[in-house]
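One letter stands for each residue in the lines below.
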Amino acid sequence: MRLVRRLVVVAGLGLTAISLAGLPALAQKRGGTLVQITQPEPPTLGSYVSTANPVGQVASKIYDGLLEYDFDLKPLPSLAESWTVAEDGKTVTFKLRAGVKFHDGKPFTSADVQYTFMDVLKKVHPRGINTFAEVTAVETPDPQTAIFRLNRPAPYMMAALSGYESPILPKHVFSQGDIRTHQNANSPVGTGPFKFVEWRRGEFVRLDRNADYWKPGLPYLDRIVVRFIGDTGTRAAALEKGEAHIAGFGAVPYNDVKKLEKLPNIQIVTKGYEMLSPVVELMFNTKKAPFDNAKVRQAISYAIDRKFVIDNIWFGFGKPTNGPISSNFAPTGLYSADVTNYNVPDGVERANKLLDEAGFPRKADGIRFEITHDITPYGEEWRRFGEYTQQALAKIGIKANLRYEDVATWLKRIYTDYDYDVSSNHLFNLADPVLGVHRAFHSRFIRPGTVFVNGVRWSTPQTDELMDRATIEPDAKKRAALYAEVQKIVVDQAPLAWTHEISFATVLDKRYRDVIVSPLGLFSSFDRAWRE
Amino acid sequence: MRGLRLISFIMTRLLQAIPVVLGVVVLNFLLLQLAPGDAATVLAGEAGGAPPEYVEQLRARFGLDKPVLVQLGLYLKNILLLDLGFSFRNNAPVLGLILDRLWPTLLLMGATLVVSVGGGVMLGVIAALGVRTWRDHLISVAAVIAYATPLFWIGLMLILVFSIRLDWFPTSGMEDVVAFHEGWARVADIAHHLVLPTITLSLFYLALYTRLMRATVLEQRGAEYATTARAKGLTERTITLRHVLRNALLPVITMAGVQVGALLGGSVVVETVFAWPGLGQLAYQSLFARDFNLLLGIFFLSACLVVIVNIIVDVVYVLLDPRIRVGGKA
């Protein structure tokens, strides 16, 4: 009897200790498999050589980064327990977590950090080549310290250290052989919450729980299986039936999202894309008449009814905008609303007036001039956006003929041959304007053959200089002021017409909790996700 | 004697096939050069953009910086050594990628052939036996409908009815990825997943064979040997099953030989709808990714398969109809 009472007291103390530790009221449970639909199937799992969207959706469960981020894009500790940026911004010191093991059991040390940044990300990562261009050395005074030496300050670098953007690789595995064709690309070894088990091509990737994960008690799930289903209708059916539990990034088209939303077992989440922030833009070939005339570009921007586009083509999943930087950067101060507003009720009248002024009067048939509009080959809503653009332009006397080609052909036309009049695209802002925004209109990015850069061939010394200064400005306030000026100029000059920010919709099975807990959404590790 | 002739026939046909297959390879290679854009651009595009140094690195690695004829020469040399090359996009050898997908393809193809040929022959005979009765009309109307309905629509409807509403079959995939069954349970699981895609893919050919079989049976029953049999006093049923069927099968076998080729390519839709990990999807994806090594590998394998099936069909002819001789001088 006495023994029993004692046990109860002990148990009570234990419970108090747990609740003091700050666990939420809902008790997380261990176990369960999460089936994620990723579309299309990734070409590789080497997220250090490919930033393709599906690669990140899988590899982010396997690799950790030095940092994680909260929804305000503030850095949080991960493999780095703490960090200090020197006054001049040219030295960044990371204190690394001790006792972390890779999936093969070998310890994680500063040598792995040095190897990852100097030998891999700086050399072969498509974005890392730019992001870490200023890093001259990573010093490793001891296994738990990594010191980054920079040529010039690179404030944007601190936003690019997630496990998705900059995965930390085991040096002992990847340093042997050519990193570009390394055999472990497709059998990855990381420190993340899930271990790679099997990739059956055309079917699935299987990831099992890492029992030795460095976050105590995590992850909750036993397994994540990433499935590849080519047909949109079947993807929706698998989610409806509960055979699959999560799908994002447009894997389910918006019209199906609306249908699935009504089901009792499914919820729609739009959070989790804050570090990507796609902004839709109309692209003008600014080196070609009549688009070398700012008034023509402004007129077209005025002619687009943003609200109509969002409501009818993106099913309400979007937000009107005028400028290149997403409002998701409002917490960091880099977003500015002080720009020309093209989203006005009398847009069509203004557009007609601008075109008259520009010297393109309507002819007898009501048409001012004829152009070709290249539709973005990324699926249904882009096709409809192209058709809408055709109608909107007809209202202001521009006859647009539509052209639809496959991705490779279209990329070549826009970014290599510049053989187009008007097209559309959506560029991700990514974690910082230096990484995601400069490429669209800085003259350094007029590079034939390189895709998703300055395909409009916009170039002014003024905007280039402002962006160059913002790149290395360590003071957040001054940096924000520089970007405010950039936004004002490019929105007025309209080399591109930014129309709206897209909200991707993640379809999630309600039985799964705490899945989307980071601004990287499906690109995060799911270590805290659990099943009811 | 007949066995020897058969073997020498097969050997000759195999030798004759080599230039045919090589011709297919060269033609495909040159045709693919007409497609704008290359693998490096697509990879960079998927990555959301990349610096030009990176794209050039990729091109050099893929061998795309060499002149087309040099590329073709290298490719032909490798093919003759039975080396299908490397898929840079998938970071894996082409042969391995294809072999991984081959058995799901063969499984689906085999099941479809059995269902469509078996069902088509049976329904065709039933319709012919009861010509212009309600059975014949029912079968003929159903065949026309099945013949005319688009595959993807049938697939999605089957999923909607038998998977979501009735919950009899899984929506897609080849096996249960939550349970990961093993042994016989896995075999049963795969068979369970195979049902809907097989039905979908079979329907079109089932309809085709039904109509073909009905027509040939009717035609053959008017032939002189059938009249002779009738004069002997045999029942219509015996005449059809013992004498007519064998002769009526020949056109169906010819069609089935053609179907095998079409199944390899034509199953893309069904593979996509049911997320079946077959070759069709692989070919489709590699085309859009401009992964030409992989695509040429699939074409090469398909060409080989079609050649082999044609030889098999010819051999089956001989077995079905002793009047047909192989490798004859005339």
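All chains use their own residue numbering, which begins from 1 and follows the written sequence. Chain letters start at A and ligand numbers start at 1, both assigned in the order the entries are written. This being a predicted model, a pLDDT of at least 70 is required before a residue's local features are given, and a value of 80 or more before pairs of side-chain atoms are given or counted; all residues contribute to the totals for chains, interfaces and linings. The side-chain numbers reported here are obtained from all heavy atoms of the structure, hydrogens and water having been left aside.

Here we come to unusual backbone geometry. All names here are of chain A. Following glutamine 39, the chain continues into proline 40 via a peptide bond in cis, with omega recorded as -5°. Relative to the elements of secondary structure, proline 40 occurs in the loop between β1 (33–37) and α2 (53–59). Residues alanine 289 and proline 290 are joined by a peptide bond in cis, for which omega reads 0°. Strands here mean DSSP runs of E at least two residues long; helices mean DSSP runs of H or I at least four residues long; both are numbered from the N terminus. Positionally, proline 290 belongs in the loop between β13 (278–284) and α8 (294–303). Here the phi dihedral of serine 277 falls at roughly 45°; this positive angle occurs in a residue that is not glycine. Notably, tyrosine 418 is not glycine yet its phi reads approximately 50°, a positive angle. Along the chain, tyrosine 418 turns up in the loop between α12 (407–415) and β17 (422–428).

All names here are of chain A. Across the sheet, which stays open at both edges, the 7 strands sit in the order β8-β9-β10-β1-β11-β19-β12 with mixed pairing between neighbours. The sheet is open, and its two edges are formed by β8 (194–200) and β12 (266–269), each paired on a single side. When β1 meets strand β11 (residues 246–247), the two strands line up parallel, connected through 2 bridges. When the bridges of β11 are listed, isoleucine 37 appears paired with alanine 247. Where helix α6 (residues 232–241) meets the sheet, its contacts fall on β1, β11, β12 and β19 (506–509), and the angle it forms with β1 comes to roughly 160°. Any two strands with at least two DSSP-identified bridges between them are counted as paired. Residues count as neighbours in contact if any of their non-hydrogen atoms are within 4.5 Å of one another. Between N-to-C directions, angles span 0 to 180 degrees; the directions come from axes that are lines fitted to C-alpha atoms, helices contributing only their stretch in contact.

All names here are of chain A. Here tyrosine 220 shows up in the loop between β9 (204–209) and β10 (223–227). Put simply, tyrosine 220 and serine 162 are 58 residues apart on the chain and 21 Å apart in space, counted from C-alpha to C-alpha. Not counting the four nearest positions on each side in its chain, tyrosine 220 is found in contact with Gln28, Lys29, Arg30, Gly31, Asp527, Arg528, Ala529 and Trp530.

Before going further, it helps to examine the packing of helix α5 (residues 94–129) of chain B against helix α13 (residues 292–320) of chain B. Residue and element names in this part refer to chain B. Where α5 contacts α13, the axes come no closer than 11 Å and their chain directions differ by 45°. Between α5 and α13, the angle is such that the two are oblique. Between α5 and α13 lies a crossing whose hand is right-handed. Taking contact as the criterion, the partners of Val94, Leu97, Ile98, Leu102 and Met109 in α5 are, on α13, Asn293, Leu294, Gly297, Ile298, Leu301 and Leu305. Following the grouping adopted for this structure description, the nonpolar residues are Ala, Val, Leu, Ile, Met, Phe, Trp, Tyr, Cys and Pro, the charged ones are Asp, Glu, Lys and Arg, and the polar ones are all others, Gly among them. Of the residues that constitute the contact of α5 with α13, the class distribution is 9 nonpolar, 2 polar and no charged. Every angle not falling under 35 degrees, over 145, or within 65 to 115 is termed oblique; those three ranges are roughly parallel, roughly antiparallel and roughly perpendicular. We call a crossing left-handed when the near helix sits turned anticlockwise from the far one by less than a right angle, and right-handed when that turn is clockwise.

Moving on to the domain arrangement of chain A. All names here are of chain A. Domain parsing of chain A yields domain 1 (64–175) and domain 2 (278–502). Taking the mean C-alpha position of each, domain 1 and domain 2 sit 34 Å from one another. Every contact between the two is made by 12 residues of domain 1 and, on the other side, 16 residues of domain 2. Put simply, buried area is the surface a 1.4 Å probe can reach on two separate parts but cannot reach once they are joined, added for both. Regarding the contact of domain 1 and domain 2, the summed buried area is about 1,100 Å², with carbon and sulfur atoms giving 71% of it. Among the residues domain 1 hides against domain 2, the three largest losses belong to Leu73, Pro155 and Tyr156. Together they make up 40% of the total. What qualifies as a polar contact is a pair of N or O atoms within 3.5 Å, subject to a donor-acceptor requirement within protein and to the restriction that residues adjacent in sequence count only when both atoms come from side chains. The interface formed by domain 1 and domain 2 holds 0 residue pairs in polar contact (both at pLDDT 80 or more) in total. Partitioning the side of domain 1 that touches domain 2 into residue classes produces 7 nonpolar, 2 polar and 3 charged. Residue ranges assigned to the domains are those given by an automatic or database domain assignment.

We now examine the packing of aromatic side chains. All names here are of chain A. Classification of ring pairs uses Phe, Tyr and Trp, with its six-membered ring standing for Trp, and accepts pairs whose centres are within 6.5 Å; under 30 degrees between planes counts as stacked, over 60 as edge-to-face, and the remaining range as tilted. Under the defined criterion, the tally for this structure stands at 31 aromatic pairs over all chains. Ring-pair connections join several aromatic residues into one group, and the members of that group are Tyr164, Phe249, Tyr273, Phe428, Phe504 and Phe523. Distance and angle both matter: a charge sits over a ring if NZ of Lys or CZ of Arg is within 6 Å of the ring centre and within 35 degrees of the ring normal. Sitting over the ring of phenylalanine 526, lysine 61 keeps its end group 4.0 Å from the ring centre. Note that arginine 447 overlies the ring of phenylalanine 445, its terminal NZ or CZ placed 5.4 Å from the centroid.

Here the term cavity refers to a set of points on a 1 Å grid, laid over the protein atoms alone, in which a 1.4 Å probe fits but cannot get out; the term pocket refers to an open set having protein on both sides within 12 Å along at least five of seven lines, with lining residues being those that place an atom within 4 Å of a point. Grid points are joined across faces, edges and corners, and a volume is the space filled by probe spheres set on the points. In this structure the tally under the stated criterion is 6 cavities of 30 Å³ or more. One number sums up the size of the largest cavity: a volume of about 210 Å³. Along the wall of the largest cavity there are 15 residues; nearest its centre are Thr44(A), Val49(A), Leu43(B), Tyr54(B) and Arg61(B). With 4 residues, helix α3 (residues 52–62) of chain B is the single largest residue contributor to the lining of the largest cavity. Volume-wise, the second largest cavity comes out at about 70 Å³. As for the second largest cavity, its lining consists of Tyr69(A), Ala159(A), Ala160(A), Ser162(A), Tyr164(A), Glu165(A), Met275(A), Leu276(A), Leu430(A), Ala431(A), Leu435(A) and Leu520(A).

Attention now goes to helix α3 (residues 110–124) of chain A. All names here are of chain A. Helix span, as expected, comes to 1.5 Å for every residue beyond the first. In a regular helix each residue adds 1.5 Å, so 15 residues correspond to 21 Å; α3 covers 20 Å between its end C-alpha atoms and thus fits that length. The largest bend in α3 is about 30°, located at threonine 116. Of the residues making up α3, those classed as buried are Ser110, Asp112, Val113, Tyr115, Thr116, Phe117, Met118, Val120, Leu121 and Val124. Note on bend: the value at a residue is the angle between axes fitted to the seven residues ending there and to the seven starting there. Three labels apply to residues, based on accessible area from a 1.4 Å probe with only protein chains included: buried if under 20% of the type maximum, exposed if over 50%, partly exposed otherwise in between.

Let's shift gears to the domain arrangement of chain B. All names here are of chain B. What the domain assignment reports for chain B is domain 1 (1–89 + 289–330) and domain 2 (102–280). One C-alpha centre belongs to domain 1, the other to domain 2; they are set 29 Å apart. The interface of domain 1 with domain 2 comprises 13 residues on the first partner and 13 residues on the second. In total, about 1,100 Å² of surface goes out of reach between domain 1 and domain 2, with carbon and sulfur atoms giving 78% of it. We define a salt bridge as a contact between a side-chain nitrogen of Lys or Arg and a carboxyl oxygen of Asp or Glu at a distance within 4 Å. In this structure, the connection of domain 1 to domain 2 is made through 0 salt bridges.

Residues and elements named next belong to chain B. Taken together, the side chains of Phe152, Trp153, Met157, Leu160, Val161, Leu166, Trp168 and Val269 present a nonpolar region at the surface, about 730 Å² in accessible area. Here the nonpolar patch takes 5 residues from helix α7 (residues 151–165), the largest share from any one element. In this structure, valine 161 sits in helix α7. Note on patches: the residues involved have over 30% relative accessible area and no salt bridge, like charges join within 9 Å, and the nonpolar side chains Val, Leu, Ile, Met, Phe, Trp and Tyr join within 5 Å. All accessible areas in this document rest on Shrake-Rupley with a 1.4 Å probe, and a residue is counted as covered only by the protein chains that are shown.

Residue and element names in this part refer to chain A. Taken together, the 6 strands give an open sheet; going across it, the order is β14-β18-β13-β17-β15-β16, and neighbouring strands pair in mixed fashion. Here the strands that pair on one side only, and so sit at the sheet edges, are β14 (318–320) and β16 (398–403). Taking the axes of each pair of neighbouring strands and ignoring which way they run, one obtains an average angle of 30° across the sheet. Bridge count between β13 and β17: 7 bridges; the pairing is antiparallel. Bridge pairing in β17 links leucine 282 to serine 424. Each of β13, β15 (369–374), β16, β17 and β18 (496–502) touches helix α11 (residues 380–395); the most contacted strand, β16, lies at about 160° to it.

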